[in-house]
There are 2 protein chains.
Amino acid sequence: MYKKLASGLIVSCQAAEGEVFHGLGLMRYMAKAAKAGGAAGIRALADEIPSIREETDLPVIGLVKKKYEGSEVYITPTRREADVLLETGCDVIAIDATARPRPQGETTESLFSYIKKAAPGIAVMADCDTLESALVADKIGFDYAGTTMRGYTRETAGIGIPDYAFLKEFCGALRHAKPIAEGGIWEAGQLKKVLECKPYAVVIGTAITRPADITARFTKIMAEMRG
Amino acid sequence: MYKKLASGLIVSCQAAEGEVFHGLGLMRYMAKAAKAGGAAGIRALADEIPSIREETDLPVIGLVKKKYEGSEVYITPTRREADVLLETGCDVIAIDATARPRPQGETTESLFSYIKKAAPGIAVMADCDTLESALVADKIGFDYAGTTMRGYTRETAGIGIPDYAFLKEFCGALRHAKPIAEGGIWEAGQLKKVLECKPYAVVIGTAITRPADITARFTKIMAEMRG
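Residues numbered from 1 in each chain as written. Chains lettered and ligands numbered in written order. Predicted model: local features only at pLDDT ≥ 70, side-chain atom pairs only at ≥ 80, totals over all residues. Heavy atoms only, no water.

A.B. asks: Help me understand the state of the cysteines, please; the structure alone is not making it clear to me.
C.D. replies: A covalent bond bridging the sulfur atoms of two cysteines is what the word disulfide describes. If you walk through the whole model with that rule in mind, you get zero disulfides over all chains. Note on Cys90(A): no disulfide assigned, nearest cysteine sulfur contributed by Cys13(A) at a separation of 14 Å. (Disulfide = S-S within 2.5 Å.)

If you want it as structure tokens, here you go:
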């Protein structure tokens, strides 16, 4: 597992509620395409993992997106979502690891321990937004830490991603967790700059598996140039 | 029709034989995503047009890819493929308009006339590779001329695309046919430079609807940087 993801591209294949491809059962084909293109792993929502497994044998990082009243954490917020992921047989479980309070009195540390106790062989990935959150995750013992939430929390809103200076610090600071660059990579030049920061692996999602967003990015440019 | 394509993005949604998505019936969803992202039109293979029509009301440029012994022309080479396209009710029929000989004694002009006689209301797009081929198409009376074949014929092999200098000349030289930029657009900066050449519309395909190719483009960079 570790070996397979090393220096590899993890393709995020998600169609959550509200997205054009939601509920169409298409992520298995996105995963198939990712594999054909040389991907080392897949990041996917729990519902889609069984069908993705039918198409590929790549390692899968699973997550559940779920909103709870009173908490801003929506990536695998509680053990209820972790239980769903444990059932899928994914190789890694990704959970929010920002400093924001989780629902139901859960903490990042308690959720991490719960998962590791339930399935000692499973790896856990911390979806971080700041260096502090990454250092906490590293200390807790997460196997991977990603920059997933950078730019998507109140504390980091408005920060341009990929945030290379942050990524470089992030990759250098982790002692135990393997650093994964995730978020905002659209173009070749961005990927090259990300790789210069020496992450263990890279996640790209929207630029590969969300054709509506890719189209919108181009049509926005056309509208702007028309004036 | 004309009005709808003007200054718009046409998203090519194709999964020909040999491609990862071939035969999976996915192009209807790619077209749906393209529409959601603000596309002005779709370019598609004949087989996929009926299902694409079920998902969107966008104008469709249809083509058939078919190889004949003894000819290098494979985009709607003869009236047999044109007949198939006429049945689909597409708005525009795209045909190869390079100087290469077509199969079965057909010529670009004879095929154009055949289509216009069979369906006077239909528009025809010339898929060109050189300025000469575009000028011939313009004189014949094609409604649209695209740079589709630039870089893909023996005469133009090895030319980097998008070929901006060529595109600018192409757009300036056409008197009747509306110029369409097609081929090689992957990134925002390329699209901006293409738009500066003032094409009537732009086609983007692979960078939006071929996730295996998009993945491969990124994994190639990662392999190169690993050394």
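A.B. asks: Can you walk me through the nonpolar core in this structure?
C.D. replies: For soluble globular proteins, nonpolar side chains are generally found buried alongside one another. With 127 residues, the main nonpolar core has Phe21(A), Ile42(A), Val202(A), Phe21(B), Ile42(B) and Val202(B) as its most contacted residues. Excluding anything up to four places from it in sequence, Phe21(B) contacts Tyr29(A), Met30(A), Ala33(A), Ala15(B), Leu26(B), Met27(B), Met30(B), Thr209(B) and Pro211(B). (Core = buried A, V, L, I, M, F, W, Y, C linked by side-chain atoms within 4.5 Å. Buried < 20%, exposed > 50% of the residue type's maximum accessible area, 1.4 Å probe, protein only. Contact = heavy atoms within 4.5 Å.)

A.B. asks: Where do I start with the pattern of salt bridges in this structure?
C.D. replies: Between side chains of opposite charge, a pair can form when the charged atoms approach closely. Residue and element names in this part refer to chain A. Taken as a whole, this structure holds 29 salt bridges over all chains when the rule is applied. The salt bridge involving Glu72 is made with Arg154; its shortest N-O contact spans 2.2 Å. Taken together, the positions of Glu72 in the loop between β3 (60-63) and α4 (79-88) and Arg154 in the loop between β6 (144-146) and α7 (164-173) put the pair 82 residues apart, joining distant regions of the chain. Take Glu72: its relative accessible area is 36%, and that puts it in the partly exposed class. One salt bridge in this structure joins Lys220 and Glu224, with 3.4 Å as the shortest N-O distance. One end of the pair is Lys220 and the other is Glu224, both in helix α10 (residues 211-226) and four residues apart, which spans about a single turn. Assessed through its relative accessible area of 54%, Lys220 is described here as exposed. (Salt bridge = Lys/Arg side-chain N within 4 Å of Asp/Glu carboxyl O. Helix = DSSP H or I, 4+ residues; strand = E, 2+ residues; numbered from the N terminus.)

A.B. asks: Which parts of the structure should I look at to understand the interface of chain A and chain B?
C.D. replies: Of the residues lining the interface, 40 residues belong to chain A; the matching set on chain B comes to 40 residues. In this structure, the connection of chain A to chain B is made through zero salt bridges. For the pair chain A and chain B, the number of links is eight residue pairs in polar contact (both at pLDDT 80 or more). The element contributing the most residues to the side of chain A that touches chain B is α10(A), with twelve residues. For the side of chain A that touches chain B, a count of residues per class yields 28 nonpolar, six polar and six charged. (Polar contact = N/O pair within 3.5 Å; in protein donor to acceptor, adjacent residues only side chain to side chain. Nonpolar A, V, L, I, M, F, W, Y, C, P; charged D, E, K, R; others polar.)

A.B. asks: Please clarify how the sheet that holds strand β8 (residues 201-204) of chain B should be interpreted in this entry.
C.D. replies: Strand pairing in a sheet relies on backbone hydrogen bonds. The paired strands run either parallel or antiparallel. If you walk around this closed barrel you meet the eight strands as β1-β2-β3-β4-β5-β6-β7-β8 (chain B), and the pairing is parallel. This sheet shows a mean twist of 25° between the axes of neighbouring strands, independent of strand direction. Across two bridges, the pairing between strand β3 (residues 60-63) of chain B and strand β4 (residues 92-96) of chain B is parallel. Within β4(B), the residue paired with Ile61(B) across the bridge is Val92(B). Packing against the sheet, α10(A) makes contact with β1 (9-13) and β8 of chain B, and its axis sits at approximately 155° to β1(B). (Pairing = 2+ DSSP bridges. Axes fitted to C-alpha atoms, helices over the stretch in contact; angles between N-to-C directions.)

A.B. asks: I tried to follow the pairing of strand β7 (residues 178-182) of chain B on my own but got confused; where do I start?
C.D. replies: Every regular strand shows the same layout, with side chains that alternate between the two sheet faces. All names here are of chain B. Most of β7 is tucked away: four of the five residues are buried. Where strand β6 (residues 144-146) lies against β7, three bridges are found, and the strand directions are parallel. Note that in β7 the partner of Gly146 across the bridge is Ile180. Read from β6 through helix α7 (residues 164-173) to β7, the crossover connection turns out right-handed. Direction of pairing for β7 relative to β8: parallel, over a ladder of three bridges. (Right-handed = clockwise from strand over helix to strand, strands pointing away.)

Structural measurements only, silent on function.
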